[in-house]
Structure formats: structure tokens, C-alpha cells
There are 4 protein chains.
Amino acid sequence: MQLQSMPDASPTKWHLAHTSWFFETFVLNSRLPGYRTFDQHFHHLFNSYYNSLGTPFTRSQRGLISRPDIDRVYAYRKSVDTGIEKLLKDSPCSSNLASLIALGLNHEQQHQELLLTDIKHALSLNPLAPAYSDGIPEEESATAEPLRWLEIPGGCYGIGSEGEDFFFDNEGPAHQQLVQEFSIASRLVTNGEYLAFIEDGGYQQHRLWLSDGWALVQQNQHRHPLYWRETENGWQQFSLHGLQPLNEAEPVHHLSFYEADAFATWAGKRLPTEFEWEAAACHLRQLDQLATANLLEKRFLKPLPARRGQTQFLGDLWEWTSSSYLPYHGFKAREDAVGEYNGKFMCNQKVLRGGSFATPSDHIRISYRNFFYPHQAWQFTGVRLAGD
Amino acid sequence: MQLQSMPDASPTKWHLAHTSWFFETFVLNSRLPGYRTFDQHFHHLFNSYYNSLGTPFTRSQRGLISRPDIDRVYAYRKSVDTGIEKLLKDSPCSSNLASLIALGLNHEQQHQELLLTDIKHALSLNPLAPAYSDGIPEEESATAEPLRWLEIPGGCYGIGSEGEDFFFDNEGPAHQQLVQEFSIASRLVTNGEYLAFIEDGGYQQHRLWLSDGWALVQQNQHRHPLYWRETENGWQQFSLHGLQPLNEAEPVHHLSFYEADAFATWAGKRLPTEFEWEAAACHLRQLDQLATANLLEKRFLKPLPARRGQTQFLGDLWEWTSSSYLPYHGFKAREDAVGEYNGKFMCNQKVLRGGSFATPSDHIRISYRNFFYPHQAWQFTGVRLAGD
Amino acid sequence: MQLQSMPDASPTKWHLAHTSWFFETFVLNSRLPGYRTFDQHFHHLFNSYYNSLGTPFTRSQRGLISRPDIDRVYAYRKSVDTGIEKLLKDSPCSSNLASLIALGLNHEQQHQELLLTDIKHALSLNPLAPAYSDGIPEEESATAEPLRWLEIPGGCYGIGSEGEDFFFDNEGPAHQQLVQEFSIASRLVTNGEYLAFIEDGGYQQHRLWLSDGWALVQQNQHRHPLYWRETENGWQQFSLHGLQPLNEAEPVHHLSFYEADAFATWAGKRLPTEFEWEAAACHLRQLDQLATANLLEKRFLKPLPARRGQTQFLGDLWEWTSSSYLPYHGFKAREDAVGEYNGKFMCNQKVLRGGSFATPSDHIRISYRNFFYPHQAWQFTGVRLAGD
Amino acid sequence: MQLQSMPDASPTKWHLAHTSWFFETFVLNSRLPGYRTFDQHFHHLFNSYYNSLGTPFTRSQRGLISRPDIDRVYAYRKSVDTGIEKLLKDSPCSSNLASLIALGLNHEQQHQELLLTDIKHALSLNPLAPAYSDGIPEEESATAEPLRWLEIPGGCYGIGSEGEDFFFDNEGPAHQQLVQEFSIASRLVTNGEYLAFIEDGGYQQHRLWLSDGWALVQQNQHRHPLYWRETENGWQQFSLHGLQPLNEAEPVHHLSFYEADAFATWAGKRLPTEFEWEAAACHLRQLDQLATANLLEKRFLKPLPARRGQTQFLGDLWEWTSSSYLPYHGFKAREDAVGEYNGKFMCNQKVLRGGSFATPSDHIRISYRNFFYPHQAWQFTGVRLAGD
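What counts and how
Residues numbered from 1 in each chain as written. Chains lettered and ligands numbered in written order. Predicted model: local features only at pLDDT ≥ 70, side-chain atom pairs only at ≥ 80, totals over all residues. Heavy atoms only, no water. Domains from an automatic or database assignment. Contact = heavy atoms within 4.5 Å. Buried area = accessible area lost by both parts, 1.4 Å probe. Salt bridge = Lys/Arg side-chain N within 4 Å of Asp/Glu carboxyl O. Polar contact = N/O pair within 3.5 Å; in protein donor to acceptor, adjacent residues only side chain to side chain. Helix = DSSP H or I, 4+ residues; strand = E, 2+ residues; numbered from the N terminus. Least-squares fit on C-alpha atoms with pLDDT ≥ 70 in both. Pairing = 2+ DSSP bridges. Axes fitted to C-alpha atoms, helices over the stretch in contact; angles between N-to-C directions. Phe/Tyr/Trp six-rings, centres within 6.5 Å; stacked < 30°, edge-to-face > 60°. Buried < 20%, exposed > 50% of the residue type's maximum accessible area, 1.4 Å probe, protein only. Lys NZ or Arg CZ within 6 Å of the ring centre and 35° of its normal. Arc of directions from axis to C-beta.

Hey, could you run me through the domain arrangement of chain A in this one?
The extent of an interface is frequently quoted as the accessible surface area lost upon association of the parts. All names here are of chain A. Examined at the domain level, chain A breaks down into domain 1 (12–124) and domain 2 (149–387). Once you take the C-alpha centre of each, domain 1 and domain 2 turn out to be 28 Å apart. Contact with domain 1, which involves 23 residues of that partner, is made by 28 residues of domain 2. With both chains or domains summed, domain 1 and domain 2 bury close to 2500 Å², and 61% of this area falls on carbon and sulfur atoms. Between the two partners, domain 1 and domain 2, sit 0 salt bridges. On inspection of domain 1 and its partner domain 2, the count reaches 17 residue pairs in polar contact (both at pLDDT 80 or more). Residue assignment for the side of domain 1 that touches domain 2 shows that the elements contributing at least two residues are α1 (12–31) and α4 (95–124).

What follows is the structure in C-alpha cells.
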């Protein structure tokens with residue numbers, strides 16, 4: 001639980017401590033009368049990136065934290081939980097407190113997904129290819145529904161969130177966005193479709209790639225998605241269930257933005273903008289076609305081949321959009337430490353939408369904006385095509 | 001003329017050869033009957049980034065090209081010029097040929113500006129601080145016009161170029177963009193204003209910076225713009241006229257996007273989007289307030305303090321916008337080698353607008369989109385603030 | 001037990017598995033009839049650097065080996081031990097087998113010392129400064145014996161080992177070496193003496209340093225030994241007993257060769273050659289003055305201030321010599337995999353002599369040649385001065 | 001003349017200025033009454049590594065020195081020459097002055113050789129493969145003399161230099177060294193012999209290589225000497241005369257120490273120690289067999305196939321020895337700036353002996369100790385084998 005497999009990924013133990021640190025720091029320290037910090041050293045060790053709260057422990061060195069051991073981290077979690085329960089019982093209800101606690105819960109949900117992402121990466125580097133989950137997933141379909149093109153009418157769409165329910169600050173301000181008529185795929189791109197790209201020499205054709213992506217492909221000799229392996233028994237894929245034969249009907253995942261974009265170019269299509277994506281989801285919701293999503297509660301721990309009626313907008317995989325992660329017009333980050341949550345990352349990253357099989361159903365919204373750097377592929381990322 | 005001071009910058013000799021190579025490759029080789037390539041090796045040496053034409057010589061090694069010597073490069077230029085003149089005299093007029101030659105000329109204009117940018121960088125690294133130009137510029141004003149806030153009405157603005165006149169492919173398709181009412185500064189930010197940011201600890205306050213910018217500032221210990229130097233005689237600035245005392249009235253230049261953005265945050269303002277910038281310029285043009293720009297023909301070789309009536313939208317300095325460099329809706333790069341000119345760079349870069357003191361007046365347009373990575377500061381970049 | 005704190009250091013779990021792998025690979029696989037490899041994957045995972053046996057798992061990634069878990073590693077050790085016991089009981093005695101088993105045991109002793117070295121490094125990086133050993137060492141003297149200069153007569157000395165008893169191949173061939181008369185310090189350099197070097201600006205005076213050492217000091221801003229920390233309570237030192245006030249009487253340790261050499265230059269002395277060191281030890285042994293060494297059995301887990309009659313040639317700390325690690329005249333490495341043990345490292349490293357507080361007493365000899373790169377300081381290294 | 005092709009190599013212009021700087025700094029400034037420094041900036045720019053004289057300009061950035069231009073550097077040289085001439089005419093003769101001037105001359109001879117070494121490297125990186133010298137060397141023999149093994153008797157040999165004639169400080173103190181009987185090759189290893197090593201898979205057999213060398217070969221995918229190129233017309237070699245077909249009779253050159261050592265291991269031999277080399281040369285000199293060396297005055301600018309009676313001990317190529325570059329017993333560097341000339345480099349480097357085709361005949365001696373890092377191959381290095 002201490003292993004850190006790369007600077008982007010954190011140890012399990014660190015995730016467990018950091019999420020409780022979040023509650024302790026932003027809630028208990030200032031709001032629970034008489035609360036005493038569990039361990040002063042933790043403030044430095046488990047601060048992720050809040051410079052307002054002092055210099056965080058170096059991200060790439062989280063794997064060095066041999067102490068506290070896991071028992072002490074669990075004790076920390078229990079202590080913080082107890083504090084929160086006491087606070088909830090004793091404190092007068094306040095919308096400010098409620099919103100901070102909701103933030104803390106959503107924050108923990110994000111880290112629960114990251115736990116799986118990071119564990120998968122760590123296990124993938126072990127030559128023994130250990131499985132995270134021994135449970136065999138249900139019998140999978142070997143075919144995916146044929147791809148259909150959904151026509152989305154142009155017009156002004158309401159983008160973003162507002163109101164009482166919880167949403168992250170980067171989802172606002174809610175505003176109107178003019179979207180032109182476009183078409184969008186009825187499901188995610190499959191392994192089989194991506195295999196055709198590979199077999200057509202997709203990784204060798206510079207004209208399909210953005211310049212920075214092509215440089216990366218050349219430098220690292222990328223030839224397939226992150227967890228694919230070409231073996232003497234054909235293509236295999238490392239998954240949370242261990243090494244498995246590649247199911248061509250399954251959505252292709254662990255693509256970088258560059259790979260997603262190159263595939264779309266090869267297919268004669270493009271990625272949707274985040275506004276098109278949200279408009280399409282909004283349109284489908286009105287048609288009642290967003291249901292039966294493959295989210296965390298299903299416990300499949302993997303994306304599934306699309307079945308009849310499944311559009312995969314929610315769940316299965318985070319979908320790369322062509323949009324850069326930028327503030328919505330009028331966005332202002334809070335001036336306190338919580339303001340560092342989202343705003344300062346609005347540069348050099350791309351927006352992903354829709355959640356994955358590892359996202360809880362009460363965490364995701366069609367206005368939800370996830371963001372990663374275009375080279376990153378260790379997340380549960382996928383591709384949906386769009387066209388004019 | 002052979003010195004390469006960093007991978008981003010090219011030797012003077014290389015610029016001279018590359019711009020002729022462009023004409024030879026895209027015009028003469030295929031269109032001038034009987035034309036024989038000047039030197040087969042040049043095709044590899046002076047190809048910048050056109051993968052369609054074979055593997056270009058490694059960018060970071062252009063400084064290694066000791067041969068051909070400069071006399072041979074001048075002979076190359078003369079030979080290509082002669083070929084073009086012959087082609088223009090002998091060939092039937094065709095819009096396709098005309099547009100390629102216009103592209104070649106605009107391409108050469110871009111490199112003429114880069115020549116100055118790169119020479120400045122090279123000279124700046126020499127402890128002798130040699131001047132590029134001995135000519136002393138005209139007596140400069142020690143004061144800049146007070147900053148005014150121009151109110152730009154909201155509405156649908158026509159963005160981009162179309163029609164007969166030359167424009168780069170990334171300026172199209174022309175389209176309408178909904179812009180909300182905003183205000184924009186009447187001139188560029190000055191050295192004096194930026195100095196106040198420094199003196200207020202701007203480089204030490206993490207909350208002013210985007211996360212990636214803050215990491216860069218910490219890593220490189222940035223404390224001032226690229227060419228500023230703190231000496232025992234106060235602040236000085238390396239310029240094309242050598243090392244000069246800092247004129248506080250002069251527009252601050254050689255900022256990275258991160259510095260521009262942090263300054264704007266510190267000032268309680270923001271950068272304009274590229275659409276706001278173009279809308280404002282369009283608005284001012286209708287009011288006839290874009291005139292008397294400090295462009296290349298003035299030969300000042302530096303930005304000047306704003307005088308009465310000068311808005312500095314064109315000339316003086318390239319202005320960082322908050323917009324990521326992305327394709328306009330419906331943009332498609334050409335499928336041939338020329339298609340590599342702009343499209344493949346539409347990732348990870350920010351848009352700059354307006355041209356600089358080194359841009360020819362027949363080269364710049366209000367729809368012109370320049371683009372650089374957010375960390376780059378060796379270009380003639382500046383800042384204009386916007387507000388809601 | 002899985003943490004790898006830097007590429008030079010290995011996880012505890014890896015050391016435990018690797019030492020059993022050594023017995024399995026070099027003894028059981030070929031010599032125990034019917035022996036079946038415990039786990040085929042281990043051959044790759046726990047091979048340190050024997051290219052003859054296939055590509056070893058990348059050294060810098062040993063921290064990624066989450067599986068096998070520690071229980072399985074202990075099972076592996078038990079299984080190999082059982083196999084060796086069976087082999088010893090069943091097999092006819094052979095000098096070849098005996099020498100391989102002796103090699104395996106000495107190999108494991110080396111890794112036992114490395115276990116402590118590597119754990120110390122890992123713990124040192126934790127801001128909590130955890131102690132490896134809670135046991136408080138005996139009351140330490142706050143003074144060291146005054147340094148005396150032992151005069152060693154010149155002449156031909158027998159260097160190296162030969163004969164029946166175990167020794168590493170790099171200790172042979174035994175040969176005569178002409179050594180000129182010299183003097184050598186009666187004990188190791190102390191913290192107090194090294195502190196005087198620091199306070200005299202030793203880390204700021206280029207003339208004291210070898211060129212490569214000076215470059216390293218400048219680059220890394222070294223200002224004191226690896227585990228020293230300057231606190232508001234004065235100098236402290238991270239040790240296997242946690243963070244402790246600096247005892248000036250204690251031998252200074254965790255110096256790089258560059259630091260050791262610079263100190264000697266500052267002191268107007270020099271480091272001994274490995275031949276001088278061995279000659280001096282040989283001379284002292286004849287005078288019966290090598291006794292009562294601080295080796296592993298004492299369980300101090302730290303070097304101690306020299307007491308009357310202690311010369312510290314054996315135990316306390318490995319002593320840097322000025323000699324490069326080169327083959328003795330006539331040395332030939334074995335042609336099989338075991339030949340990779342020592343010979344291929346005879347370049348770029350310096351010889352250290354004498355063992356440390358973590359070396360078992362039946363492991364060390366005065367002919368014993370340890371070797372590390374001149375920049376390495378995480379070993380239990382110290383300094384003894386010599387003069388002409 | 002300004003191009004710097006890698007950090008180890010310096011621009012021609014820099015060599016020209018630095019060698020005059022040496023005379024100005026160590027002779028004129030302190031000894032010529034009324035001498036005024038030519039240009040104060042030069043002291044920083046053209047100081048190589050004398051920390052006693054202030055911080056030298058960063059070595060890896062010598063290629064950035066666009067100014068002073070070459071005319072000014074020649075003026076500098078002329079001015080310094082004039083100063084030295086004046087000093088020699090006016091000053092009373094002193095052995096101290098004479099020895100400094102001798103040092104300056106020998107220093108300049110070293111840089112004259114480096115000029116060729118560095119120019120060769122710079123030209124080699126140009127795809128045009130330009131020749132340094134258009135003059136075609138004399139018709140070369142296509143065969144080399146058969147290799148003979150010279151038996152050198154064991155015994156005490158006088159090593160190093162002493163007395164009135166100039167020698168570098170690292171050649172002393174002269175002392176006796178006990179050398180055991182050994183054999184040494186009568187000539188250098190040839191291209192043909194090295195080709196057999198390559199064709200036998202020498203670069204793929206880890207057991208032939210020192211560990212650090214093997215790591216380097218793997219990392220850089222080395223498969224042949226630095227300037228060899230495998231073309232469709234067979235092996236070619238870049239030389240000061242441009243790209244030439246490989247002459248198998250010619251001595252193999254531009255090997256790193258690792259390559260030299262691996263070849264020797266493959267051949268079942270070893271490299272000589274520097275003492276063996278000097279003993280052998282001393283022995284041959286007594287037999288009058290060191291004559292007719294291929295040194296700079298011959299102007300071949302390349303090593304030649306050994307002819308009858310040529311042992312190639314002097315000239316042709318610097319010969320790697322197995323000895324680390326360490327001080328002779330009793331060596332002490334001078335305490336002033338001149339003391340930085342040799343002493344501080346006595347770590348991590350290997351000794352080479354004998355001079356090359358680019359060494360002046362009045363510069364080389366059999367006691368001469370050159371030194372480079374084991375990975376460096378851009379010098380005119382070669383191999384001579386030894387055996388027991």
C-alpha cells in the first residue's frame with residue numbers, strides 16, 4: 001500500500017491518509033471546538049498541493065513514506081471520522097459547513113477512483129501481472145452494438161451547473177453556449193476498431209498526429225495503448241482482473257489524448273468539444289437515453305461492450321474532448337486554500353467527460369469536467385467520435 | 001550567423017537557407033520546367049518540420065551546420081530567387097501558384113521576425129552584451145499615456161478571415177462568435193507597472209500563478225522578465241540596442257504566458273480571450289483607432305511607450321490571450337505537405353495577437369493568430385489586460 | 001519492506017529474496033537431484049546483475065515488486081534453506097560445493113550489511129526521522145583517544161589472500177608489493193575534526209577538492225556529511241537510533257570519497273593507498289594491535305569513539321583508500337556466471353578497507369577489498385589519514 | 001570557428017584565445033612592467049578551469065561566444081605575442097620565467113592537438129561530411145606488418161621524469177617501479193582486427209565488457225567505433241580527409257577505454273599498465289626501436305598502417321592503458337593557480353601514453369601521461385595489447 005509506481009500515481013496509503021487530512025484541515029481544525037490535530041507531521045506529509053497551507057511533501061516522493069504505517073493511517077481515518085460525526089451531531093446546521101463536507105465527500109470519491117487507477121498502474125509494472133480482483137466479471141458479450149450516428153440539433157445549450165446541489169466550482173458559472181448541428185457516435189470506440197487503426201499503421205503515419213503527440217510516439221516508441229501487450233498468443237490486455245485476451249467488442253481504454261485524436265483523424269472524424277458532449281448528453285437525457293450506465297456500483301471494474309440502448313455517455317470510460325481545460329466566462333476561484341482545488345490547473349490540460357466504471361453514480365453529472373494532460377493514459381480514458 | 005543559442009532558436013544562416021528552401025520545395029521543384037535542385041543535401045538540412053517531405057534535420061542541432069558556409073547559402077538564395085522570377089515571367093497566371101507564392105512570402109516575413117528574436121537571444125547570452133543595432137533610437141518618452149478602459153459592447157462578432165486576400169489557414173473558417181460585454185485596456189502594460197508587481201512579491205506569491213507556471217518559477221528561480229538584469233545601477237534590460245537602463249514607460253516584454261497571467265491576476269484583471277481581442281480590434285477599427293502602429297517599417301526595433309491616441313493593438317508587441325490555440329469550427333488542414341504548416345501545432349500552445357515592432361505592416365491582420373507555448377518568453381511578447 | 005529509496009539501494013524484501021535466489025541458482029538448480037525451481041518468475045525478479053543468467057530486472061525498479069509479498073518471500077527462503085540442508089546431508093563432500101556454499105554465505109553477509117545501509121537511507125528520507133533500533137546504545141564516551149601517528153616501515157609486503165580459507169577472487173592473486181615508509185593515523189577521523197573542516201570553509205574552497213568532487217559539491221550544494229542536519233539546536237545526525245545530537249568524539253561517517261580526500265588535503269595529509277592500509281594492518285597484527293573491533297556482533301549499530309588501544313582498522317567504518325579498484329596482477333575472473341561477481345566492476349570505483357560496525361567478524365579480513373563509486377556516501381564509510 | 005559540437009569540445013576561436021590568455025594571465029600580467037590587460041572580459045571568457053582565478057565561463061556554453069569575433073581574437077593573440085617578445089628581450093633570464101614560458105608553449109601544443117580533435121568532431125556531425133584537409137595523404141599501404149609479441153624482461157624500471165628539461169608535474173616524482181616480465185604487441189590493433197571483434201558479436205557479448213561500459217553500450221546502442229559508418233558500400237570512416245573507405249590495415253582509432261578493454265578481453269589479452277608501457281618503451285629505446293614515428297610534422301593527419309620496423313609507441317595514436325590516472329608517490333600540486341593544471345583531475349580518468357599523429361615531436365616523451373574519461377572516444381585514441 002506504500003508503492004508509488006510513477007510521480008503521477010500515489011500510494012494507496014497516501015490516498016487513505018490524504019482524504020482524511022482534507023476533512024481534518026478544511027473542517028475539523030477550524031470548526032470542531034477543542035479539536036486537536038491528530039499528528040502535526042501529517043499536515044506536511046498528506047497535503048497534496050495546497051500551497052496556502054505550507055509546502056506540500058514532494059509529490060514524486062510519496063512512496064518514501066514508510067511511516068506512518070497502515071495501522072496508524074487507519075487510526076487517523078477513524079479519529080477524523082469520529083470528529084466529523086461529533087461535529088455533525090453537535091453543530092448547528094450551516095450551509096457553509098454542509099458544502100465543505102459535500103466537497104470533502106466528493107473529493108474522497110475522486111480519490112477512490114484514483115486508488116483503482118493507481119493500483120492498476122502499479123500492478124501492471126510487476127512481471128507477475130497480479131490481478132487486483134479475483135472475482136471473474138460476468139460473461140462478456142463478444143460483440144458490441146453497431147455504431148450509430150446521433151444527430152444533435154444546433155442551438156443555444158445551457159452549459160454548466162448552478163443551484164443548490166453539489167457541483168465543483170469549475171462547472172460554473174452556468175451559461176449559454178451556441179453549438180452548431182453535429183453528429184456524435186452512439187457508443188465508445190472499441191478495441192477492434194482501434195486495432196484496425198494499429199494494423200493500418202496508425203502509429204507510423206505522422207500526418208494523423210498532432211506535432212507534440214508525434215514527438216512523444218517517436219521518442220517512446222509507442223505502438224499500442226498503455227496496457228496492451230502483443231504476445232505469442234495474440235493481443236492481451238492488463239486489467240484489474242489480471243492479464244486477459246483482448247476482447248475486440250470492449251471499449252478501447254487507456255489512450256492518451258494524442259492517441260484519441262490521431263484515431264479520430266484516421267477515422268475521418270474528430271473528437272467532440274466539451275460543449276458538444278454536454279449538449280448531446282442533455283439532448284439524450286431529454287430522450288431518456290442515458291440510463292443503465294456502467295458505474296462503480298456495478299462492480300465490473302472494467303468497461304463493457306455497448307449493448308442495445310446503451311449510449312455509454314455516463315460510466316464505462318472518461319471521454320477525451322477536444323476542449324482545453326479553461327475557466328468558464330466569469331469563473332473566479334475562491335481566495336482561500338479551497339480555491340486551489342481546481343482553478344490553478346486551468347492550463348495545458350484537456351477536458352474529459354462522463355465518468356468511468358470506477359465512478360460512483362452519485363458523483364457524476366453531465367456538467368462534470370475532469371481534466372488530464374494530453375500525454376496521460378493511466379486513467380480510465382476512452383474515445384467517442386463526433387462529426388460535422 | 002551559425003550560432004544556435006537554444007533549441008527553440010535557429011541560426012541566422014539556417015533561417016536564410018530555410019526560407020529559400022520553402023520556395024524551392026513548394027514552388028520550383030514541381031512547377032518550373034527543367035528546374036534542378038540546387039543541392040540535394042539541402043532538402044534534409046533546411047526542412048524545418050515537414051514530415052511529409054522526409055525526416056527533417058534535428059532542430060536542436062541546427063547550430064552544427066558549419067557547411068554550407070554563408071556564401072553558399074547566399075548563392076542558394078540567389079539561385080532560388082532567379083528561379084522564381086523566371087517562373088513568374090514564363091508561367092501562365094494561376095491562383096494556385098499565386099497563393100503558394102503569397103504563402104512563401106508570408107512565411108519569409110515570419111522568419112524575418114524570428115531572425116531578430118533569435119539574434120537577440122543569442123547576443124543576450126554573451127557576457128559582452130553586444131548590441132545588434134548601433135543606431136540609437138529616437139528620444140523616447142519617459143511617460144506612457146494613462147491607461148483607459150475601453151468598453152466593448154457584447155454581441156456577435158465576425159471572427160477570422162475569408163475571401164481573396166492572403167491569410168493563413170488557421171484564421172478560418174470565418175465565423176460568428178458570441179462575445180459578452182467586456183472592457184479592455186487602452187494600451188499595453190508597462191515596465192513600471194510590472195515592476196510594481198515584482199516589488200509586491202509577485203514572483204513569491206503562489207496564489208497568483210497557474211500551477212504549471214508556479215512550478216516553473218520555483219524550478220528556475222525566475223524573479224523578473226527574461227532580459228531584465230538587476231545591477232548595482234538599478235534595473236537594466238538587454239535589447240537589440242544593447243544593455244539599457246529600464247524605461248518604466250515602455251511596454252514590458254519577453255514575458256511568458258505564465259507571467260502575463262500572474263500579472264493580470266495580481267492586477268485584479270484577466271487576459272482577454274482571442275475573440276475578445278479581435279472583437280475589440282474590430283470595434284476600434286470602426287472607430288478608426290488602430291492607426292500609427294509601431295511595426296517593422298518604423299525601424300525602432302523595440303516597443304515604445306504609448307502616446308496619445310495609440311492603442312498598440314497592432315505592432316509593438318505580440319499580446320498573450322487566454323485562449324488555447326485550437327482549430328476554429330470546421331477547420332481542416334490541407335492533406336499535402338503544406339497542411340503541416342499550422343494545423344498540427346494546435347495543442348498545448350496559447351494564441352497571441354497583434355504583431356510586434358518586428359512585424360511588417362503588410363503581414364499583420366486583426367484576424368492573425370500567432371501561437372507559442374506558455375513557458376516561452378524569447379519572442380516579442382507583451383500583455384494587455386481585460387476585465388468584465 | 002518494499003520501499004526503494006534510490007536506485008543504489010534495494011528494498012528489504014528484495015535483499016531477502018535475492019540472497020536465497022543466489023543459493024538456488026548457483027547451488028540447488030544444478031546440484032540437488034530432482035530440485036524444482038520455487039517460482040520461475042523469481043529468476044528474473046531477483047537476479048541482481050548476472051547477465052549470463054538472462055536480463056536482470058531493472059535495478060532502479062525493485063521498489064515496484066509488490067508481489068511476491070513478504071510471506072511468499074519467507075516461504076521461498078525456507079524452501080531454499082531446506083534444499084541446501086538436504087543437499088549437505090545427501091551429497092558427497094566436494095571442495096567445489098563447499099566453496100560455492102561459502103560464497104553464498106559470504107554473499108548473504110554482504111547483503112545483511114547492505115540491509116542496514118539501505119534501511120538507514122530509506123528512513124532518513126522520512127520527515128518523521130524514525131529509528132531503526134529503539135535500543136539505546138551504551139553510554140558513549142564524549143572524548144576520543146588523541147590521534148597518534150603510527151610509523152610503518154617500508155619494504156615488500158605480502159598483499160592479498162591465497163590458500164584454503166574463503167576469500168573473494170578480487171583479493172588474489174596474492175603478491176608482493178613494495179611500500180615506502182609512511183605514517184598512518186592511529187584511529188579514524190572524528191566528527192569534531194570534520195566539523196573544524198566545515199567551519200574553516202572546507203566546502204567552499206575549491207583548491208581542496210578534486211575537480212569532479214568540486215563539480216558535485218557545487219551542483220548539489222553539499223555543505224556537510226549525508227546524514228548531518230543543522231538545526232536550531234545545533235548539529236544533529238540521523239542514525240539507526242533516530243536523530244541524535246552530534247557526538248564530536250565519534251568517527252565521522254557517510255562521507256563520499258571526494259569529501260574524504262578534500263578533508264585529507266585540508267589536514268595536510270592524504271589517504272593511504274590500499275597497499276599501505278594492508279601493510280599497516282599486517283604490521284599491527286604482528287604487534288597484536290587489531291583486537292577488540294566494533295563489528296556486528298557488538299550490536300552497537302554505529303561507530304564508537306576510539307578508546308585506548310583501539311586502532312579501528314577492523315570494524316567501525318569502511319575506510320576510503322586512494323586506490324582505484326583494479327585487478328591485481330594476474331587476476332582472471334571465472335568464465336561462468338560467478339565470474340561476474342567482482343571482476344566486471346573494476347573500473348571507476350575506489351577501494352575501501354576494514355569493514356564496519358555492520359560487518360560480521362567472520363566476514364572481514366585485512367585483505368578484504370570493498371569498492372564504491374567516489375560519489376557514494378550512503379555506505380558506512382569513514383576516513384583514516386596517512387602521511388609520508 | 002565558433003561551433004561547439006559537444007561540451008567536451010571547444011570552438012576553434014576559443015582555443016585560439018585561451019592559449020594566449022594563458023600567457024597573458026600567467027606571464028604578462030605579473031611580469032611585464034606596465035602591461036595592461038587586453039580586454040577585461042576575456043579573463044572570464046577564456047579561463048578554462050582555473051577556479052583560483054575566478055569563476056570560468058561555463059564550458060558547455062563556449063559556442064555562444066559570438067563576440068569577440070575572430071579578427072579581435074587574432075589581434076589579442078598578436079598583442080600577447082608582442083608582449084611576450086618584449087618580456088623576453090627586456091627581462092633578465094630567470095629559470096622561473098623560462099619554466100612558465102615552457103609551460104605555456106607546451107600548453108599551446110596540447111591545444112593545437114585538441115583543435116584537430118574538436119574540428120573533426122564538429123565536421124563529423126554535418127551530413128555533408130566535409131573534409132578538414134583536401135590534401136590527399138600519400139598512398140597508403142593496404143597491409144600492416146604482422147603482429148609480433150615483444151618480450152619485456154621484469155625488473156625495476158625508472159618511471160617518470162626529473163631534471164632540467166620540461167615535463168609536466170604529473171610525470172613526477174621520478175621513481176622506481178617493479179614490473180613483472182610481460183609481453184607487449186609490436187604494433188597497434190588494426191581496423192581489420194577490430195572488425196573481426198565486431199563480426200564476432202563483440203558489442204553483443206556482455207561478458208567481454210566492464211559493467212559500466214556494458215551499460216553505456218546498451219544505452220547508446222553502440223555497435224562500432226565513433227566515426228565508422230556502415231553504408232551500402234561497406235564500412236566507411238569519417239576522417240580529417242572526409243569520409244573514406246575503411247582501410248583494414250590502419251590502426252583502429254576513436255575507441256573508448258571500454259571498447260579498448262572489451263577488445264583486449266575478446267582477444268584473450270589485456271591492456272598494459274602505464275608502467276609496463278613505459279618500461280617497454282624504455283626497453284625499445286635502448287634497442288633503438290622507437291624511431292620514425294608518425295607525429296604531427298609528417299602532416300598525415302591520420303594513423304598509418306605499421307610498416308617494418310615501426311613499433312608505433314610514439315605517434316599514430318594515444319594508447320589506452322589499464323592504469324587509473326593517479327598521483328605518483330610523493331606528488332604534490334603547486335599551491336598557486338598553475339597547480340590546477342593537472343592534479344585536480346586525478347580521479348575517474350585513465351592514462352593514455354605515446355602521443356598521436358597530431359602531437360608535435362618536441363612535445364611527446366615516453367614519460368608523458370595523457371588522461372581521459374573511460375567513455376571518451378573523440379580523441380585520437382588506439383589500442384596496444386599486452387599479455388603475461
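More follows now that the structure is in view.
Just to check I follow, could you spell out the relation of the copies chain D and chain C for this structure?
Laying chain D over chain C is done by rotating through 180 degrees and shifting 0.0 Å along the axis; what remains is an RMSD of 0.0 Å. The superposition of one copy onto the other is thereby described by a two-fold rotation axis. The position closest to the rotation axis in chain D is occupied by the C-alpha of N348(D), lying 2.7 Å away. Interface overlap between copies: 100% of the residues of chain D at the interface are likewise at the interface in chain C, consistent with a symmetric, same-surface contact.

Help me understand the sheet that holds strand β1 (residues 149–152) of chain D, please; the structure alone is not making it clear to me.
Across a sheet, strands are paired by hydrogen bonds formed along the backbone, either parallel or antiparallel in direction. All names here are of chain D. Read from one edge of the open sheet, 3 strands run β1-β4-β12, paired in antiparallel fashion. A single partner strand is all that each edge strand has here, and the edge strands are β1 and β12 (386–387). The pairing of β1 with strand β4 (residues 182–185) spans 4 bridges and is antiparallel. Looking across to β4, one finds that L150 is bridged to I184. Packed onto the sheet, helix α8 (residues 274–286) meets β1 and β4 and runs at close to 95 degrees relative to β1.

So what exactly am I meant to see when it comes to the arrangement of the chains here?
Without any contact between them, chain B and chain C keep their closest C-alpha atoms 14 Å apart. Separated without contact, chain A and chain D have their nearest C-alpha atoms at a distance of 14 Å.

Please explain the sheet that holds strand β7 (residues 242–245) of chain D as it appears in this structure.
All names here are of chain D. The 3 strands are arranged β5-β6-β7 in an open sheet whose pairing can be described as antiparallel. Only two strands of the sheet have a single partner each, and these edge strands are β5 (228–231) and β7. Ignoring which end each strand starts from, the neighbouring axes of this sheet average 35 degrees apart. Here β5 pairs with strand β6 (residues 234–239) via 4 bridges, running antiparallel.

How do you make sense of the packing of aromatic side chains when you look at a structure like this?
Both the distance between ring centres and the angle between the ring planes are used here to describe each pair of aromatic rings. Taken as a whole, this structure holds 144 aromatic pairs over all chains when the rule is applied. Ring geometry for Y194(A) versus F197(A): centroids 5.1 Å apart, planes at 50 degrees, classification tilted. Remark: F197(A) and Y194(A) occur in helix α5 (residues 191–199); sequence separation between them is 3 residues, near one turn of the helix. Considering the side-chain rings of F26(C) and Y50(C), the 5.3 Å spacing of their centres and the 70 degrees angle between planes classify their relative orientation as edge-to-face. In this pair, F26(C) sits in helix α1 (residues 12–31) while Y50(C) sits in the loop between α2 (40–45) and α3 (70–90), placing the two residues 24 residues apart along the sequence. Accessibility assignment for this pair places F26(C) and Y50(C) in one class, buried. One residue, R384(B), lies across the ring of F313(B), its end atom 3.7 Å from the ring centre.

Would you explain helix α6 (residues 211–220) of chain D in this entry?
In an α-helix there are 3.6 residues to a turn, and that puts residues three or four apart on one side. Residues and elements named next belong to chain D. Turning to α6, its buried residues number three or more, namely G213, W214 and V217. Each buried residue of α6 sits inside an arc of 100 degrees when the element is viewed along its axis, so together they form one side. Turning to α6, the residues buried within the fold contact α7 (257–266). The first or second residue beyond α6 is Q221, which carries a positive phi of 55 degrees.

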